[in-house]
Amino acid sequence: MDYTRYFETAVEALKTERRYRVFADLERIAGRFPRATWHGAPGGPREITVWCSNDYLGMGQHADVIAAMTATAERCGTGAGGTRNISGNSHPIVELERELADLHGKEAALVFTSGYISNQAGISTIAKLIPNCLILSDALNHNSMIEGVRQSGCEKKIWRHNDLAHLEELLRAAGDRPKLIVFESVYSMDGDVAPIGRICDLAERYGAMTYLDEVHAVGMYGARGAGIAERDGVMGRVDVIEGTLGKAFGVLGGYVTAKSAVIDAVRSYAQGFIFTTALPPAICAAAAASVRHLKQSRVEREGQQRQAARTKAVLMAAGIPVMPTPTHIVPVMVRDPEACKAASDRLLERHGIYIQPINYPTVPRGTERLRVTPTPLHTEADIQRLRDALVEVWSTLGLAFEPQAQAAE
Ligand code: PLP
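Everything quoted here is computed from the prediction, not taken from an experiment.

A.B. asks: Just checking my understanding: could you explain the nonpolar core for this structure?
C.D. replies: Generally speaking, nonpolar side chains in soluble globular proteins are found buried as a group. Core analysis: the largest hydrophobic core is formed by 59 residues, its most contacted members being Leu100, Ile181, Phe183 and Ile196. Residue contributions to this core peak at seven residues, all from helix α12 (residues 281-296). Look past the residues within four positions of Phe183 in its chain and what remains in contact with it is Asp138, Asn141, Met145, Trp159, Ala194, Ile196, Ile199, Thr210, Tyr211, Leu212 and Asp213. By size, the runner-up hydrophobic cluster in this structure holds 33 residues, among which are Cys52, Val334, Leu370 and Leu399.

A.B. asks: Sorry if this is basic, but what is going on with the pattern of salt bridges here?
C.D. replies: Side chains carrying opposite charge are able to pair once their charged atoms draw close together. Enumeration over the complete set of coordinates arrives at 29 salt bridges. Residues Glu168 and Arg172 are paired through a salt bridge, measuring 3.6 Å at the closest nitrogen-oxygen approach. Taken together, the positions of Glu168 and Arg172, both in helix α7 (residues 164-174) and four residues apart, correspond to about one turn of that helix. Among the salt bridges present, the one from Asp264 reaches Arg267, with a minimum N-O distance of 3.0 Å. Taken together, the positions of Asp264 and Arg267, both in helix α10 (residues 260-269) and three residues apart, correspond to about one turn of that helix. Here the residues in one salt-bridge network are Glu99, Asp102, Arg224, Arg292 and Lys295, joined through shared partners.

A.B. asks: Explain the pairing of strand β2 (residues 35-38) here, please?
C.D. replies: Put simply, side chains in a regular strand alternate between the two faces of the sheet. By the alternation rule, side chains of β2 split into Arg35 and Thr37 and Ala36 and Trp38, which are all buried. Where strand β1 (residues 26-28) meets β2, three bridges bridge the pair, whose relative direction is antiparallel. Paired with Leu26 across the two strands is Trp38, which belongs to β2. As judged from the four bridges shared by β2 and strand β3 (residues 46-50), these two strands associate in the antiparallel manner. Within the sheet, the bridge partner assigned to Thr37 lies in β3 and is Glu47.

A.B. asks: Where do I start with the sheet that holds strand β11 (residues 330-333) in this structure?
C.D. replies: Where strands meet in a sheet, backbone hydrogen bonds hold them as pairs that are either parallel or antiparallel. Strands sit in the order β11-β14-β13 across an open sheet of three strands; the sheet is antiparallel. Of all the strands in the sheet, the pair left with one neighbour each is β11 and β13 (357-358). When β11 meets strand β14 (residues 369-372), the two strands line up antiparallel, connected through four bridges. Paired with Val330 across the two strands is Val372, which belongs to β14. Packing of helix α14 (residues 337-351) onto the sheet brings it into contact with β13 and β14, and relative to β14 it is tilted by some 45°.

A.B. asks: What is the right way to look at the environment of Asp264 in this model?
C.D. replies: For Asp264, a relative accessible area of 39% corresponds to the partly exposed category. Measuring from C-alpha to C-alpha, the distance between Asp264 and Ala108 comes to 8.5 Å, with 156 residues separating the pair along the chain. Engagement of the side chain of Asp264 in a polar contact is seen with the side chain of Arg267, the distance being 3.0 Å.

A.B. asks: Looking at this structure, how should I read the packing of helix α4 (residues 91-104) against α12?
C.D. replies: Axis angle and axis distance: for two packed helices, these are the angle between their axes and the distance between the axes, and together they describe the pair. As a packed pair, α4 and α12 sit with axes 8 Å apart at the nearest point and diverge in direction by 25°. Here α12 runs roughly parallel to α4, going by the angle between their axes. At the point where α4 passes α12, the crossing takes the left-handed sense. Facing α4, whose interface residues are Pro92, Ile93, Leu96, Glu99, Leu100, Asp102 and Leu103, α12 presents Pro281, Cys284, Ala285, Ala287, Ala288, Val291, Arg292 and Lys295.

A.B. asks: Sorry if this is basic, but what is going on with the state of the cysteines here?
C.D. replies: Two cysteines joined by a covalent bond between their sulfur atoms form a disulfide. All told, the structure shown has zero disulfides when counted by the stated rule. Sulfur of Cys52: no disulfide; nearest cysteine sulfur belongs to Cys340 and is 11 Å away. Classification of Cys52 as buried rests on a relative accessible area of 16%.

A.B. asks: What is the right way to read the site of the ligand from this model?
C.D. replies: The environment of the ligand is made up of 13 residues, and the closest members are Gly115, Asp213, His216, Thr244 and Lys247. The separation between an oxygen atom of the ligand and a polar side-chain atom of His216 is 2.6 Å. In the environment of the ligand, an oxygen atom lies 2.6 Å from a nitrogen or oxygen atom belonging to the side chain of Thr244. Contact with the protein chains removes 83% of the 380 Å² of surface that the ligand exposes when unbound. Top element by residues in the shell around the ligand is helix α5 (residues 115-128). It accounts for three residues.

A.B. asks: Even after reading the chapter, I still don't get the sheet that holds strand β6 (residues 155-159), so can you show me in this structure?
C.D. replies: In spatial order, the strands read β4-β10-β9-β8-β7-β5-β6; together these seven strands make up an open sheet with mixed pairing. Two strands bound the open sheet, and with one partner strand each, they are β4 (108-112) and β6. Neighbour-to-neighbour, the strand axes of this sheet turn through a mean angle of 20°, independent of strand direction. Against the sheet, α7 touches β5 (134-138), β6, β7 (179-184) and β8 (208-213), its axis set at about 155° to β6. Docked against the sheet, α10 engages β4, β8, β9 (240-244) and β10 (254-258), running at close to 25° with respect to β4.

Definitions and cut-offs
- Residues numbered from 1 in each chain as written.
- Predicted model: local features only at pLDDT ≥ 70, side-chain atom pairs only at ≥ 80, totals over all residues.
- Heavy atoms only, no water.
- Core = buried A, V, L, I, M, F, W, Y, C linked by side-chain atoms within 4.5 Å.
- Buried < 20%, exposed > 50% of the residue type's maximum accessible area, 1.4 Å probe, protein only.
- Helix = DSSP H or I, 4+ residues; strand = E, 2+ residues; numbered from the N terminus.
- Contact = heavy atoms within 4.5 Å.
- Salt bridge = Lys/Arg side-chain N within 4 Å of Asp/Glu carboxyl O.
- Pairing = 2+ DSSP bridges.
- Axes fitted to C-alpha atoms, helices over the stretch in contact; angles between N-to-C directions.
- Polar contact = N/O pair within 3.5 Å; in protein donor to acceptor, adjacent residues only side chain to side chain.
- Parallel < 35°, antiparallel > 145°, perpendicular 65-115°, else oblique.
- Left-handed = near helix turned anticlockwise from the far one by under 90°.
- Disulfide = S-S within 2.5 Å.
- Near = heavy atom within 4 Å.
- Areas by Shrake-Rupley, 256 points an atom, 1.4 Å probe, with all protein chains shown as cover.

Next up, the structure:
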């Protein structure tokens with residue numbers, strides 16, 4: 001039996017389908033974000049500028065966050081020492097959960113090792129504990145939510161993305177049975193936003209429970225950085241809010257917040273929580289420092305919004321095909337997988353700009369793009385350099401400019 005051949009064949013299939021991914025070898029430079037060292041550069045390591053990080057606010061290098069992590073590692077050591085069932089709670093995880101419950105105005109919070117696991121374990125456990133639950137899932141939900149829905153074993157219906165009429169039709173048709181609506185606030189690839197308040201109206205009218213993923217919004221929206229639900233004044237109407245500690249909070253981990261009864265049940269039944277080693281104390285302390293900082297500081301949020309708006313305006317004025325979004329996410333459309341990869345390669349090799357190509361299956365075929373994420377730490381000079389680089393790449397590769405966007409700046 002040639003077992004190796006199975007794996008080679010699987011990888012060849014990806015290459016044939018033009019979906020094979022190559023990762024750049026990068027080292028972020030603390031204190032100089034968004035700069036990083038590219039170790040794969042021909043001729044030796046070279047400094048580059050990252051334009052696609054989900055460390056959206058640069059909190060991964062914030063002095064308070066680094067200090068909390070290093071001081072806690074010195075005090076408590078590195079690992080958590082096991083699952084929480086075995087090792088108990090580390091005090092920093094207890095403090096982090098308090099901080100998160102307070103952030104979202106909920107009774108309790110539960111931390112997981114990633115946002116992915118929090119969705120997978122959270123959705124599957126919550127839905128399983130509701131007898132005869134029907135899950136209503138937005139068509140563009142993230143893979144971690146889809147896996148949560150699948151693992152629940154519950155019946156599901158997919159509603160067309162952000163389509164309230166379709167959601168209502170499905171809710172009405174479901175009748176009296178228990179229903180769980182699962183959706184995101186900011187959709188990470190198109191950068192669009194769910195009408196959370198109107199989804200809550202429907203949930204209340206038809207007696208459904210709501211589960212909201214705020215992964216691409218926590219830290220960045222709302223007066224204290226709790227997300228879009230806070231910004232829209234509807235946080236108290238959403239039953240379960242899920243978030244990540246790995247993007248705008250700059251560390252690692254995920255969580256769900258809700259009433260104590262829900263959190264206690266998830267803590268007691270979720271396999272993805274019970275059977276895995278807890279987040280290390282130093283990670284928890286760093287995440288708590290970041291959450292605490294962003295609760296009282298708006299400087300990062302305002303800087304991000306300003307630089308995102310500026311980047312969109314500058315790129316559109318240069319005819320670069322930017323998909324208009326109401327958020328910090330700036331999708332630059334290429335619409336071809338090879339051209340997308342070639343544009344990304346040329347940006348890195350020639351201009352020292354790193355933007356990962358986004359191809360199928362992350363986005364539908366024909367909508368391949370460069371997903372640009374401006375941060376408060378990208379300067380005006382960085383934006384000008386990005387524009388010049390994209391114009392050069394677009395001209396060299398013969399990609400289409402968008403003349404109608406000229407008026408945007
Ligand atoms: N939910 C959404 C919408 C995401 O885009 C991601 C991506 O990473 C996750 C959850 C998973 O979060 P984490 O990276 O913390 O595992």
